[in-house]
Amino acid sequence: MEQIVNYIDGAFTQPLSKSWLDNYNPSTGEVYSKIANSNAQDIAKAYEAAEKAFPSWSNTTIDERSRILLKIASLIETNLVDLAEAEAKDNGKPLSLAMTIDIPRAASNFRFFAQAITQFASEAHESVGLNSMNFTLRHPIGVVGCISPWNLPLYLFTWKIAPAIAAGNTVVAKPSEVTPMTASLLGKIISEAGLPKGVLNIVHGTGSSAGQAIIEHPNIKAISFTGGTKTGEHIARTAAPMFKKLSLELGGKNPNLIFADCDYETMLETTVKSSFANQGQICLCGSRIFVEESMYEQFKKDFIEKVSQLKVGDPFNAETNLGAIVSQPHLEKIQSYIKIAEKEGGKILFGGKRVTVANLEKGYYLQPTVIEVQDNQCRVNQEEIFGPVVTIMPFKTEAEALKMANGVQYGLSATLWTNNLDRTMRLSKQIQSGIVWVNTWLNRDLRTPFGGMKNSGVGREGGFEALRFFTEPKNVCIKYNNQ
Ligand code: NAD
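I will try to describe carefully the structure that is included in this document. (Residues numbered from 1 in each chain as written. Predicted model: local features only at pLDDT ≥ 70, side-chain atom pairs only at ≥ 80, totals over all residues. Heavy atoms only, no water.)

Quick notes on the sheet that holds strand S13 (residues 254–258)
Ordered by their spatial adjacency, seven strands build an open sheet running S15-S18-S19-S14-S13-S21-S22, and the pairing between neighbours is mixed. Strand pairing shows two members of the sheet lacking a second neighbour, strand S15 (347–350) and strand S22 (435–438), which therefore form its edges. Each adjacent strand pair in this sheet contributes to an overall mean axis angle of 25°, direction not counted. On top of the sheet, helix H13 (residues 398–406) reaches S13, strand S14 (286–292) and strand S19 (389–395); it is set at about 150° to S19, its chief contact. (Pairing = 2+ DSSP bridges. Helix = DSSP H or I, 4+ residues; strand = E, 2+ residues; numbered from the N terminus. Axes fitted to C-alpha atoms, helices over the stretch in contact; angles between N-to-C directions. Contact = heavy atoms within 4.5 Å.)

Rendered as structure tokens:
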């Protein structure tokens, strides 16, 4: 059986423990490869390689770093089909999605930061009248840790790594143990692109072993993490006493506010996507849908009709809209929330059941599920489910809609459907989330700040924000003699 091994100091290496984890194909429910179950010793080796590579990489010209990152981007594109197939198999997402979103975006991450670093400048402040001049140096931090989740595996792995290495850091990175395959293929690509050995070290394994060793390592001074809020809280507790720099991109429970004055057809089509793309396993999916009362019944009917047309099936079938849920435990978690909804008095308007796909009977398939709820305080509206489950409920006034949108512990993104400019401005200012989309969803410009408020995270990535995170600013103040 194929083994997914670590990539440390430019070489593929077995885990020191000689221990392995099972890697499941969620569309078949079968183990199809073995993953290195790395421990603190593997992380120590990865750290040493990264530390050794740092002096030279941090002094490599911007032009040269940029050239290598562009080469990585091109090689990802050259390998688009192989990477997309690997992603669909490892994660259960439709191949069409991996081909059009995940893998192209991984290439864009490298291309974007290859260019952004050439434009990344620092500030100068002249202290007029005091005969002194300040300028800011932005040093790379050193060895940094990047830890990513399973929902958009290569997309989010590279979202961290690209700015980290563009800024001159060297990296110890761990993809999710649930979806390690494309990160492992990236090892081959970076070596072909000529990234010097030790600049990027990819270590596989569980969060509690390999991940924990990264966050506990005393000399890994910055951690960029994307994953669940609970894990983020644990990372913050562990890293804070060591004064590590942290960027935490965490969970969400994003509201969709739909007003009667919106463009109905565009809203309807986009809302189906924002509810169920990637089986609802995107942190930015709109899982709470609030609809203005005057159009609620119409929306309910049309939405359910559209949802009922979605095809759940083999990720490799071009007709498939929803592939498999990522794992058996995650499927069970989602199903448990559907039960909770019923107990809480929620009405399942569509779905809620496991789907058996012919020839893939052991795969983890679930119907897209729409639940009508009475109260925003119910658990299915307050807790992140992270699956193909959305709730809908009506609202009477803009104030009520805003109160419900903000009435959760999360604050990652929100989507607003209206053609009223005044309302757009009022709500955009008052909604508590890191991103507000108006009449669109998942519309991303990589220059923009990305991240969440409240329990959805700390800090921002994207554009220069990411380059600022991965550098340490130092002010130099020079006093001069004006005579
Ligand atoms: P998770 O928190 O279980 O795992 C994320 C990563 O952290 C994995 O690589 C895991 O191995 C590692 N990890 C776990 N315990 C660790 C520890 N003690 N120390 C160090 N690393 C550890 O999350 P998941 O289930 O993989 O991903 C789903 C979650 O990610 C959802 O909550 C989703 O909303 C969130 N997410 C957020 C964003 C965002 O940008 N805000 C994007 C995608 C996903």
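We are not done yet, so read on.
Thoughts on the pattern of salt bridges
The tally for this structure, following the rule as stated, stands at 19 salt bridges. Here Arg67 and Glu64 are joined by a salt bridge, their closest N and O atoms 3.0 Å apart. With Arg67 and Glu64 both in helix H2 (residues 62–78) and three residues apart, this pair spans about one turn of that helix. Residue classification places Arg67 among the partly exposed residues on the basis of a relative accessible area of 45%. The exposure class assigned to Glu64 is partly exposed, which follows from its relative accessible area of 29%. With a shortest N-O distance of 3.3 Å, Glu461 and Lys160 are connected by a salt bridge. One end of the pair, Glu461, is in the loop between strand S24 (457–458) and helix H15 (463–469); the other, Lys160, is in helix H5 (residues 153–166), and 301 residues separate them in sequence. (Salt bridge = Lys/Arg side-chain N within 4 Å of Asp/Glu carboxyl O. Buried < 20%, exposed > 50% of the residue type's maximum accessible area, 1.4 Å probe, protein only.)

Examining the state of the cysteines
In protein structure, a disulfide is the covalent linkage between the sulfur atoms of two cysteines. What the rule picks out here adds up to zero disulfides. The closest cysteine sulfur to the non-disulfide-bonded Cys146 is located on Cys283, 16 Å from its own sulfur. Of all cysteine sulfurs, the one in Cys285 lies closest to Cys378, which takes part in no disulfide; the gap is 18 Å. (Disulfide = S-S within 2.5 Å.)

A short note on H13
Listed in full, the buried residues belonging to H13 are Glu398, Ala401, Leu402, Met404, Ala405 and Asn406. Close packing links the buried residues of H13 with S13, S14, S19, helix H14 (421–430) and strand S23 (453–454).

What to know about the packing of helix H7 (residues 207–216) against helix H8 (residues 229–239)
Where H7 contacts H8, the axes come no closer than 9 Å and their chain directions differ by 40°. Of the possible angle classes, the one that applies to H7 and H8 is oblique. The residues of H8 that touch H7, namely those facing Gln212, Ile215 and Glu216, are His234, Ile235 and Thr238. Residues of the contact of H7 with H8, tallied by class, amount to two nonpolar, three polar and one charged. (Parallel < 35°, antiparallel > 145°, perpendicular 65-115°, else oblique. Nonpolar A, V, L, I, M, F, W, Y, C, P; charged D, E, K, R; others polar.)

Comments concerning the sheet that holds strand S7 (residues 132–140)
An order of S6-S7-S25 is seen for the three strands of this open sheet, with the pairing classed as antiparallel. Looking along the sheet, the strands with just one partner apiece sit at the ends: strand S6 (124–127) and strand S25 (471–479). Geometrically, the sheet is characterised by an average inter-axis angle of 20° between neighbouring strands, direction not taken into account. Pairing analysis gives nine bridges linking S7 to S25, with the strands arranged antiparallel. In the sheet register, His139 faces S25, and the bridge partner there is Glu472.

Re the site of the ligand
For the ligand, the set of nearby residues contains 29 residues, the closest of which are Lys174, Glu177, Thr231, Leu250 and Glu384. Contact between the ligand and Gly228: an oxygen atom at 2.9 Å from a main-chain N or O atom of the residue. Expressed as a share of its isolated accessible area of 850 Å², the protein-covered part of the ligand is 88%. Counting only elements with at least two residues in the shell around the ligand, the list comes to H7, strand S11 (222–226) and H8. (Near = heavy atom within 4 Å. Polar contact = N/O pair within 3.5 Å; in protein donor to acceptor, adjacent residues only side chain to side chain. Areas by Shrake-Rupley, 256 points an atom, 1.4 Å probe, with all protein chains shown as cover.)

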